[in-house]
Amino acid sequence: MLIPLYSLLLLSASMISQAAEPMTQQQKMARCNEHASTQSLKGDERKIFMSSCLKKESNMAAMTPQQMKMKNCNSQASSQALKGEARNNFLSGCLKKG
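A. Structural view of the overall build of the chain. The helix and strand inventory of the chain stands at five helices and zero strands. Along its sequence from the N terminus, the chain presents helices and strands in the succession α-α-α-α-α. By the burial criterion, 22% of the 98 residues in the chain qualify as buried. Counted over contacts in the chain with a minimum sequence separation of 6, partners at least 24 positions apart contribute 46%. Surface exposure of the chain reaches about 7500 Å², of which carbon and sulfur atoms provide 61%.

See below:
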């Protein structure tokens, strides 16, 4: 009974230490690249996105693809100064896009 408990404890400690480790630059690059592909970004849009995603203080690489999509749609709505029902309609359509 003690051995399974000890094994579980070691596994938990290993998972916690891995979660606490910062992402390597290579991991961050792969994650940012995946997000850019998910959003079908091309050309200058992709370059701008990758630049901001790879910045040291950026936490974009840790986001899920859905979180990235929400962030992207929100920033587009803000840049268009959409408010109220127009913003809601835009966000709804933006989030449904492939």
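B. Main features of helix H4 (residues 65-79). Taking 1.5 Å per residue as the helical rise, H4 with its 15 residues ought to reach 21 Å, and the 21 Å between its terminal C-alpha atoms agrees with that figure. Taken together, the buried positions of H4 are Met68, Lys69, Cys73 and Ala77. Take H4 and look down its axis: the buried residues cluster within an arc of 165°, on one side only. In this structure, the buried side of H4 is in contact with helix H2 (25-38), helix H3 (43-54) and helix H5 (84-96). Phi turns positive, to about 55°, at Ala81, one or two residues after H4.

C. Seen up close, H5. Relative to the 18 Å expected for 13 residues at 1.5 Å per residue, H5 spans 19 Å between its end C-alpha atoms, a close match to the ideal helical length. In the core, the buried residues of H5 are packed alongside H4.

D. Highlighting the side chain of His35. For His35, the position within the fold is in helix H2. With relative accessibility at 0%, the residue His35 sits in the buried group. Polar side-chain contacts of His35 include one of 2.8 Å to the backbone oxygen of Met63. For His35, the contacting residues outside a window of four places in its chain are Phe49, Met60, Ala61, Met63, Thr64, Pro65 and Met68.

E. Molecular detail of the nonpolar core. Counting 11 residues, the largest nonpolar core is built from Cys32, Ala36, Leu41, Phe49, Met50, Cys53, Leu54, Met60, Ala61, Met63 and Met68. Secondary-structure elements contributing two or more residues to this core are H2 and H3. Broken down by element, this core gets its largest block of residues, four residues, from H3. Cys73, Ala77, Leu82 and Leu91 belong to the second largest nonpolar core, which has six residues in total.

F. Up close: the packing of H2 against H3. Where H2 contacts H3, the two axes come as close as 10 Å, and the packing angle between them is 145°. Handedness of the H2/H3 crossing: right-handed. Across the interface between the two elements, Gln25, Lys28, Met29, Cys32, Asn33, His35, Ala36 and Ser37 from H2 touch Arg46, Phe49, Met50, Cys53 and Leu54 from H3. Tallied by class, the residues present in the contact of H2 with H3 amount to seven nonpolar, four polar and two charged.

The rules behind each value
- The numbering scheme is per chain: residues are counted from 1 as the chain's sequence reads.
- Only residues with pLDDT of at least 70 get local features here, since the model is predicted, and only at 80 or more are side-chain atom pairs given and counted; chain-wide, interface and lining totals rely on the full set of residues.
- Just so you know, side-chain values use all the structure's heavy atoms and leave hydrogens and water out.
- What counts as a helix is a DSSP run of H or I of at least four residues, what counts as a strand is a run of E of at least two, and both are numbered from the N terminus.
- Residue exposure (1.4 Å probe, protein chains only): buried if accessible area is under 20% of the type maximum, exposed if over 50%, otherwise partly exposed.
- Every residue pair with non-hydrogen atoms within 4.5 Å of one another is taken to be in contact.
- Calculation of accessible area relied on Shrake-Rupley with a 1.4 Å probe; when residues are assessed, cover is drawn exclusively from the protein chains displayed.
- The span you would expect from a helix comes to 1.5 Å times its residue count less one.
- Directions are taken from the helix axis to each C-beta atom, and the arc is the one they span.
- Polar contact is defined as a pair of N or O atoms within 3.5 Å, subject to the rule that within protein one atom must be able to donate a hydrogen and the other to accept it, and that residues adjacent in sequence are counted only when both atoms are side-chain atoms.
- For our purposes a nonpolar core is just a set of buried Ala, Val, Leu, Ile, Met, Phe, Trp, Tyr and Cys residues, chained together by side-chain atoms within 4.5 Å.
- Note on definitions: angles span 0 to 180 degrees between N-to-C directions of axes, and those axes are lines fitted to C-alpha atoms, for helices only across the stretch in contact.
- Two helices crossing with the near one rotated counterclockwise from the far one by less than a right angle form a left-handed crossing, whereas a clockwise rotation gives a right-handed crossing.
- Each residue receives one of three labels: charged for Asp, Glu, Lys and Arg, nonpolar for Ala, Val, Leu, Ile, Met, Phe, Trp, Tyr, Cys and Pro, and polar for the others, Gly being one of them.

Keep in mind these values describe shape, not function.
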